[in-house]
Amino acid sequence: MTQSVDQKASAAASATSAWLSAFQRALTARDADAAAALFASESYWRDIVSFTWNITTVEGVAGVADLLRATLDEVDPVDFRATDEPAEADGVITAWIAFETRTGRGSGLLRLVDGKAFTLLTTLDELKGHEEPINDRRPSGVRHGAFRDRVTWADSRVREATELGYTVQPEVLIIGGGQGGIALGARLRQLGVPTIIVERNERPGDSWRKRYRSLALHDPVWYDHLPYIPFPPSWPVFSPKDKIGDWLEMYTKVMELNYWGLTTCKSAVREGGGWAVVVDRTRDDGTVEEITLRPRQLVLALGASGLPSVPEIPGREKFRGDQHHSSAHPGPGKYKGKKAVVIGSNNSAHDICAALWEVGANVTMVQRSSTHVVRSDSLMDLGLSDLYSERAIAAGVTTFKADTIFASLPFRILPALQAPVYNAIRERDADFYRRLEQAGFDLDFGEDDSGLFLKYLRRGSGYYIDVGASELVANGDIKLAKGQVVELTEDEVVLGDGTRLPADLVVYATGYGSMNQLASDIIGQDMADKVGKVWGLGSGTTKDPSPWEGELRNMWKPTVQDGLWFHGGNLALSRYYSLYLALQLKARMEGVPTPVYRRAEVHHTE
C-alpha cells in the first residue's frame, strides 16, 4: 500500500512538472496557441489581477489563447513551479503553484486531468518593489539613539490625522466603514497608500451593533478572519453582533486606520484625473464641517446590498401599531404579549421571529415565496468543514489555502459541485425538511439545487441558515401565513386570499435593493447607470438576469469608470478580495502599467 501511495505521488509530481515546464516554454516563446493546447477542451482559467489586471475567467482552449495573446508581452511570466507536493485523487491532480511576472509575484492552483489543465487559478500576491513590510521586512518601530526633536509614533499619528484630508489629500477614499471598508483600509495601510474611510455611524462596528438584538454571524469563525489579525483560538464559533462590533473597533485602532466616523458623503463627481467628494464631518465638539476631499481613487464599500426595501402597501398610514423594516428593528423587548407579524421568510425574518417568540410575543411569519433553509450544523459539517474548521486546520488547510481552493472553482461549474453537497444535506435532514413542509413552509434548494452559496452570489437573498427558528415554525410556535400582503388596516395585516392577521407590530423583513441605489445617491444616477448593476453572475436565475458574465459584476475590479471601485460582501469575501483590490490601487498610485484585459461590459443598471 505504501509503495502504491508513493508511486501515485511520484506520478502526480512528474505530471505536474511536465505540464508546468511545457507551459513555461510556450510562454517564454510567446506561443499562445502552444500554451493553450495544454488545456482540456473543457477548461477554465481564472485570473485575479496577475495577468489581466482584472478578475476574469476564460473558458476553453480559445479563451486561454485569447488571454495570452493579449497579455503575454506585458506580463512576461516566468518561473512557473510547484510549491507543495502535488496530490492525485479520483483522476485529478491538484498542484499549488507560484510564478513571477514583470511587476509582481503570484501563486495559484492547477488541476490536471489526463495530462491537461482542467482549471487554473493565478493570483497576484505582491508587487515587486512595493512588498508589504511584514516578517523580515517589518519596521523597527523605534529609531535607536538620542536625537533632538524626536518624533514619536503618537506624534506622527496625530500629525497624520491633522493633515490627511486637509493639507494632504488621500490617494484613496473608501466610502463605507463596515467590515469591507475596514479590511481594505488595512491592506492599503500596509502598502503605504494614504487612505481615508468615511462612515456615517459614529464608531467602527456600529453597523453590527445597531442591528436587531439577537443578530449573530451564521458563518463559523474559521470563515470570518480579517486580514493580518485572525480571531483568537478561544473566539466563539458563531460571533454575536456586538462582539463583532467591538472586534472591528479594536481592529481599526490597532491597524492605524484613518477612520472618519459620523461623516456623511453628500456627493462625488469626477474632476480631472480624480474625484471631488463632498462630505459632512462631525467633529469631537459636535460641530459639522463640510469638507471637499480630492482622492484619485474612490471605493464604494457599501456591502452587497442597497437601501432597505419596504413595500408600498395600501393602508400603511392607518396602522396604529409599530411598523419598521428589519434593519431598524429595536429588538423584542417591548413586544412581550403583543401580536407580531413579520413579513418575509429569510435570515432576518427567522431571527426576529425567534427573538420575539422568546420574550413571549404571539408571532406570525408571512412567507411570500419559497426559501432555501439549511441547518447550521449540517452546513458546517458537509459544506464547510473541509476548508473552514479545526479539522481543516489540523490537515494543513490554512485560511489562505481554503480561500484559494474556493477561489479556484470557476463559477460556471460551481453549481454542479455544490448540488451534491446539498443533496447530502437534504438526505441527512430529511425528517427536518418533512416537518417544515408539513407545517406549510415552502422550501427550495435554488433553481438548480445548488444551495446557499450560489443563491448568495446570484442574488444575495432567498435563504436561511437555521440556528433554531425553523423548529419553532415546524412545531407551530411561530405561526405561518402565506401569500402577498395587500393591505394594512388599523390593527390587521390583510393577505391576498383574504386572511386577516391581527397585529400590534409589523416588521418588514423584505430585504434590500441593489447596491446601485446607494451608489446613485453618491455618484449620481447617470454615472451609476453607466457603471451598471453590482453583484450577480448573469446566471439567468431569479434576480440574476443573463447574459452570463462569469464573475461578480463590478466587484473588486475595474469598472467602466476609471477610478471607481466597488468592494464588499461577507467577511470571507472582504478578507480575500481586499488584497487584490489593494494591489490594483497601489499599482496605480505608483504608476505601474495596468492594462486591463476584457473589462466587463454593462448589461444591466439594476
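Structure first, text after, so check above.
The rules behind each value
Every chain is numbered on its own, with residues counted from 1 as its sequence reads. Only residues with pLDDT of at least 70 are given local features in this predicted model, and only at 80 or more are side-chain atom pairs given and counted; all residues enter the totals for whole chains, interfaces and linings. Only hydrogens and water are set aside; all other atoms, that is, all heavy atoms of the structure, feed into the side-chain values. Note on conventions: DSSP H or I runs of at least 4 residues are helices, E runs of at least 2 residues are strands, and numbering of each starts at the N terminus. Only protein chains enter the calculation, and the probe is 1.4 Å; a residue is then buried if its accessible area is under 20% of its type maximum, exposed if over 50%, and partly exposed in between. Should DSSP find at least two bridges between two strands, the strands are regarded as paired. His is not counted, nor are the chain ends; Lys and Arg add positive charge and Asp and Glu add negative charge. Each reported salt bridge corresponds to a side-chain nitrogen of Lys or Arg within 4 Å of a carboxyl oxygen of Asp or Glu. Whether two residues are in contact is decided by their heavy atoms: any pair within 4.5 Å suffices. What is meant by a nonpolar core is a set of buried Ala, Val, Leu, Ile, Met, Phe, Trp, Tyr and Cys residues, joined one to another through side-chain atoms within 4.5 Å. With axes taken as lines fitted to C-alpha atoms, and helix axes fitted only over the stretch in contact, angles between N-to-C directions fall between 0 and 180 degrees. Orientation is classified from the angle alone, with under 35 degrees giving roughly parallel, over 145 giving roughly antiparallel, 65 to 115 giving roughly perpendicular, and any other angle giving oblique. With the far helix as reference, a near helix turned anticlockwise by less than a right angle produces a left-handed crossing, and one turned clockwise produces a right-handed crossing. Residue classes follow a fixed rule: Ala, Val, Leu, Ile, Met, Phe, Trp, Tyr, Cys and Pro count as nonpolar, while Asp, Glu, Lys and Arg count as charged, and any other residue, Gly among them, counts as polar. By this rule the span expected of a helix is its residue count minus one, scaled by 1.5 Å. Arc definition: directions from the helix axis to the C-beta atoms. Aromatic pairing here means that ring centres of Phe, Tyr or Trp (its six-membered ring) are within 6.5 Å. Orientation follows from the plane angle: under 30 degrees is stacked, over 60 is edge-to-face, and everything else is tilted.

What follows covers unusual backbone geometry. In this chain, S546 is followed by P547 through a cis amide linkage whose omega measures 10°. Tracing the chain through its elements places P547 in the loop between α17 (525-531) and β25 (564-566). Of note, the phi angle at D76 is positive, near 50°, even though the residue is not glycine. By the element assignment, D76 lies in the loop between α3 (60-75) and β3 (78-82). In this structure D76 comes out as partly exposed when scored by relative accessible area, which is 25%. Non-glycine residue E256 carries a positive phi angle of around 60°.

Neither face of strand β22 (residues 492-495) is exposed, since E492 and V494 on one face and V493 and L495 on the opposite face are all buried. Two elements, strand β21 (residues 485-488) and β22, share three bridges in a ladder whose sense is antiparallel. Within β22, the residue paired with L488 across the bridge is V493. Across three bridges, the pairing between β22 and strand β23 (residues 500-502) is antiparallel. Bridge pairing links V493 to L501 in β23. Between the antiparallel neighbours β22 and β23 lie four residues, among them G498 with a positive phi of about 95°.

To continue, consider the side chain of D224. Within the element layout of this structure, D224 appears in the loop between α6 (206-209) and α7 (241-254). Although buried, D224 forms no salt bridge, and the nearest oppositely charged side chain, R575, lies 5.8 Å from it. Look past the residues within four positions of D224 in its chain and what remains in contact with it is L217, D219, F231, L571 and R575.

The next thing to look at is the pairing of strand β1 (residues 39-48). Most of β1 is tucked away: eight of the 10 residues are buried. Sheet topology note: the β1/strand β2 (residues 55-59) ladder contains five bridges and is antiparallel. Its bridge partner lying in β2, R46 is registered against T57. Count of turn residues in the β1/β2 antiparallel hairpin: six residues, of which V49 carries a positive phi of about 75°.

What follows deals with the nonpolar core. Ranked by internal contacts, the top residues of the largest apolar core, which has 130 residues, are I175, L298, L300 and I523. With 12 residues, helix α18 (residues 571-589) is the largest single contributor of residues to this core. By size, the runner-up hydrophobic cluster in this structure holds 30 residues, among which are L27, F39, L68 and L112.

The next thing to look at is the sheet that holds strand β14 (residues 297-300). Paired through backbone hydrogen bonds, the strands of a sheet run either parallel or antiparallel to each other. If you trace the five strands from one edge of the open sheet to the other, you get β10-β9-β8-β14-β25, paired in parallel fashion. Only two strands of the sheet have a single neighbouring strand rather than two, namely β10 (259-260) and β25.

As a further point, take the packing of helix α5 (residues 179-190) against α7. Here α5 crosses α7 at 25°, and the two axes come no closer than 10 Å. In terms of axis orientation, α5 runs roughly parallel to α7. Crossing handedness for the pair α5 and α7: left-handed. Along the contact surface, α5 presents Q179, I182 and A186, while α7 presents L248, Y251 and T252. Considering only residue class, the contact of α5 with α7 consists of four nonpolar, two polar and no charged.

With respect to the helices, strands and loops of the structure, L356 is situated in helix α8 (residues 347-358). Given the relative accessible area of 0%, L356 is considered buried. Residues L356 and K334 lie 22 residues apart in sequence; the distance between their C-alpha atoms is 9.5 Å. Ignoring anything within four residues of it in the chain, the contact list for L356 reads H329, P332, Y335, A340, V342, A361, V363 and L505.

Before going further, it helps to spend a moment on the sheet that holds strand β12 (residues 274-282). Read from one edge of the open sheet, three strands run β11-β12-β13, paired in antiparallel fashion. Since the sheet does not close on itself, it has two edges, and those belong to β11 (263-271) and β13 (288-293), each with one partner. Across the sheet, the mean angle separating the axes of adjacent strands is 15° when strand polarity is ignored. Pairing of β12 with β13 involves six bridges; the strand directions are antiparallel. Along β13, the bridge assignment pairs V277 with L293. Relative to the sheet, helix α16 (residues 515-523) contacts β11 and β12, its axis offset from that of β11 by approximately 70°.

In a regular helix each residue adds 1.5 Å, so 15 residues correspond to 21 Å; helix α12 (residues 414-428) covers 22 Å between its end C-alpha atoms and thus fits that length. Restricting attention to buried positions, one finds in α12 the residues L414, P415, Q418, A419, Y422 and I425. Projected down its long axis, α12 shows its buried positions confined to an angular sector of 125°, all on one face. More than 90 degrees from the buried face of α12, the exposed residues found are A416 and E427.

This part takes up the pattern of salt bridges. Pairs may arise between side chains of opposite charge once their charged atoms sit close together. The full count for this structure, using the stated rule, is 45 salt bridges. Notably, a salt bridge pairs R69 with D33, separated by 3.0 Å at the nearest N-O pair. Here R69, found in helix α3, pairs with D33, found in helix α2 (residues 32-36); they are 36 residues apart in sequence, far enough to count as distant. There is no split in this pair, since R69 and D33 are both exposed. Ionic pairing is found between E160 and R189, a salt bridge with its closest N-O pair at 2.7 Å.

Before going further, it helps to spend a moment on the environment of L38. Along the chain, L38 falls in the loop between α2 and β1. Since its relative accessible area comes to 17%, L38 is described here as buried.

With that out of the way, let us pick up the packing of aromatic side chains. Evaluated as defined, the whole model comprises 26 aromatic pairs. Ring centres of W235 and W247 lie 5.0 Å apart, and the angle between their planes is 65°; on these two criteria the pair is classed as edge-to-face. Here W235, found in the loop between α6 and α7, pairs with W247, found in helix α7; they are 12 residues apart in sequence, far enough to count as distant. Accessibility classification places W235 together with W247 in one group, the buried group. Ring plane angle 70° and centroid distance 5.3 Å describe the contact between Y456 and W535, whose orientation is recorded as edge-to-face.

No statement about biological role is implied by the geometric values presented.
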